[in-house]
Amino acid sequence: MPSWVVGARPAPAPVEEDVDAALVRRCRDGDANAYGHLVARHDKRVYALVARVLGPAATADDVDDVAQDVFVQAWRALPKFRQDSRFSTWLYRIAANMAIKEWHRIKRRASAVFEEDLPATVREALAESRRRATGRCGRQLTGCRRSRGRSSCCTISRTVPARTSARSWAAP
């Protein structure tokens, strides 16, 4: 309701913002208990945000670790907090960024497959493909120095005489 309307009251200041700002000031003055109050005020929301970003692939330990790391990171970065925005906005941005990084780690960890975990038939097929990928020179085709971006020195050398110097490969 506009302030010019008779009987209108000004909107009350957000209490949460004032409490967080006061606790941040106390933290900057060295009061560790004030940071404990900030953690208690925001821990459930940070935990929920981290759990939502990490998704069902994450374990409860993953979520706990990231949530704890968020508050450690926020404590370390508190002197740099400019108070251009609310403390909760700043904290949740830290939480979202750290959760996204952890999500990428979890995704990489889940996609890593170790050869010894594969069935024997698959391991044998991999070994056979590696044997086929070895050229006449005895090197892996992808690692042969003479191939220089061409298909390979070994397959070319069957039809074209082998070139002996690196300069001859560079020349047209």
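Calculation notes
Residues numbered from 1 in each chain as written. Predicted model: local features only at pLDDT ≥ 70, side-chain atom pairs only at ≥ 80, totals over all residues. Heavy atoms only, no water. Helix = DSSP H or I, 4+ residues; strand = E, 2+ residues; numbered from the N terminus. Contact = heavy atoms within 4.5 Å. Areas by Shrake-Rupley, 256 points an atom, 1.4 Å probe, with all protein chains shown as cover. Buried < 20%, exposed > 50% of the residue type's maximum accessible area, 1.4 Å probe, protein only. Phe/Tyr/Trp six-rings, centres within 6.5 Å; stacked < 30°, edge-to-face > 60°. Polar contact = N/O pair within 3.5 Å; in protein donor to acceptor, adjacent residues only side chain to side chain. Axes fitted to C-alpha atoms, helices over the stretch in contact; angles between N-to-C directions. Parallel < 35°, antiparallel > 145°, perpendicular 65-115°, else oblique. Left-handed = near helix turned anticlockwise from the far one by under 90°. Nonpolar A, V, L, I, M, F, W, Y, C, P; charged D, E, K, R; others polar. Core = buried A, V, L, I, M, F, W, Y, C linked by side-chain atoms within 4.5 Å. pLDDT = per-residue confidence, 0-100. Salt bridge = Lys/Arg side-chain N within 4 Å of Asp/Glu carboxyl O.

## Looking at the overall build of the protein
Right, so step 1: Along its length, the protein carries seven helices and zero strands.
Right, so step 2: The linear arrangement of helices and strands in the protein, starting from the amino end, is α-α-α-α-α-α-α.
Right, so step 3: A fraction of 46% describes how many contacts in the protein between residues 6 or more apart in sequence connect residues 24 or more apart.
Right, so step 4: For the protein, the computed accessible surface area is about 12500 Å², with 54% contributed by carbon and sulfur atoms.

## Observations concerning unusual backbone geometry
Right, so step 1: Even without being glycine, Gln 83 reaches a positive phi, approximately 60 degrees.
Right, so step 2: Relative to the helices and strands, Gln 83 is located in the loop between helix H3 (60–77) and helix H4 (87–111).
Right, so step 3: The partly exposed category is assigned to Gln 83, whose relative accessible area is 36%.

## Describing the packing of aromatic side chains
Right, so step 1: A complete count under the given rule lists four aromatic pairs for this structure.
Right, so step 2: When the ring of Phe 81 is compared with that of Phe 87, the centres are 6.0 Å apart and the planes differ by 80 degrees; the resulting orientation is edge-to-face.
Right, so step 3: Overall, Phe 87 belongs to the buried group, its relative accessible area being 5%.
Right, so step 4: Seen from their ring centres, Phe 87 and Trp 90 are 5.7 Å apart, and the 45 degrees between their planes marks the pair as tilted. With Phe 87 and Trp 90 both in helix H4 and three residues apart, the pair spans about one turn of that helix.
Right, so step 5: For Trp 90, a relative accessible area of 18% translates into the label buried.
Right, so step 6: Ring pairing ties together the aromatic residues Phe 81, Phe 87 and Trp 90, which thus form one cluster.

## Concerning the environment of Asp 84
Right, so step 1: Residue position: Asp 84 is located in the loop between H3 and H4.
Right, so step 2: A relative accessible area of 62% means that Asp 84 is categorised as exposed.
Right, so step 3: A polar side-chain atom of Asp 84 sits 3.0 Å from a polar atom in the side chain of Arg 82.

## Section: the packing of helix H2 (residues 32–54) against H3
Right, so step 1: In the contact formed by H2 and H3, the axes pass within 9 Å of each other and the chain directions differ by 140 degrees. By the criterion of interaxial angle, the relationship of H2 to H3 is oblique. Taken as a pair, H2 and H3 cross one another with a handedness that is right-handed. Where H2 abuts H3, its residues Ala 32, Tyr 35, Val 39, His 42, Asp 43, Val 46, Tyr 47, Val 50, Ala 51 and Leu 54 lie against Ala 60, Asp 62, Val 63, Asp 64, Val 66, Ala 67, Val 70, Phe 71, Ala 74 and Trp 75.
Right, so step 2: In the contact of H2 with H3, the residues fall into 16 nonpolar, one polar and three charged.

## A few points about the nonpolar core
Right, so step 1: Among the nonpolar cores identified, the biggest contains 28 residues, and Val 46, Val 50, Leu 78, Phe 87 and Trp 90 are the most heavily contacted of them.
Right, so step 2: Secondary-structure elements contributing two or more residues to this core are helix H1 (15–28), H2, H3 and H4.
Right, so step 3: Ranked by residues supplied to this core, first place goes to H4 with eight residues.

## Let's talk about the confidence of the model for the protein
Right, so step 1: Taken as a whole, the protein shows an average pLDDT of 76; of its residues, 65% reach a score of 70 or greater.
Right, so step 2: Low pLDDT, under 50, characterises residues 155–172; the predicted model gives this stretch twelve contacts beyond four residues in sequence or across chains.

## Some remarks on the pattern of salt bridges
Pairing between side chains of opposite charge can happen when the charged atoms of each approach one another.
Right, so step 1: Using the criterion set out here, one finds four salt bridges in the structure.
Right, so step 2: The residue Arg 26 makes a salt bridge to Asp 31 at a minimum N-O spacing of 2.8 Å.
Right, so step 3: Judged by relative accessible area, Arg 26 falls into the partly exposed class, the value being 37%.
Right, so step 4: In this structure, Asp 84 engages Arg 82 in a salt bridge whose closest nitrogen and oxygen atoms are separated by 3.0 Å.
Right, so step 5: What makes Arg 82 exposed here is its relative accessible area of 67%.

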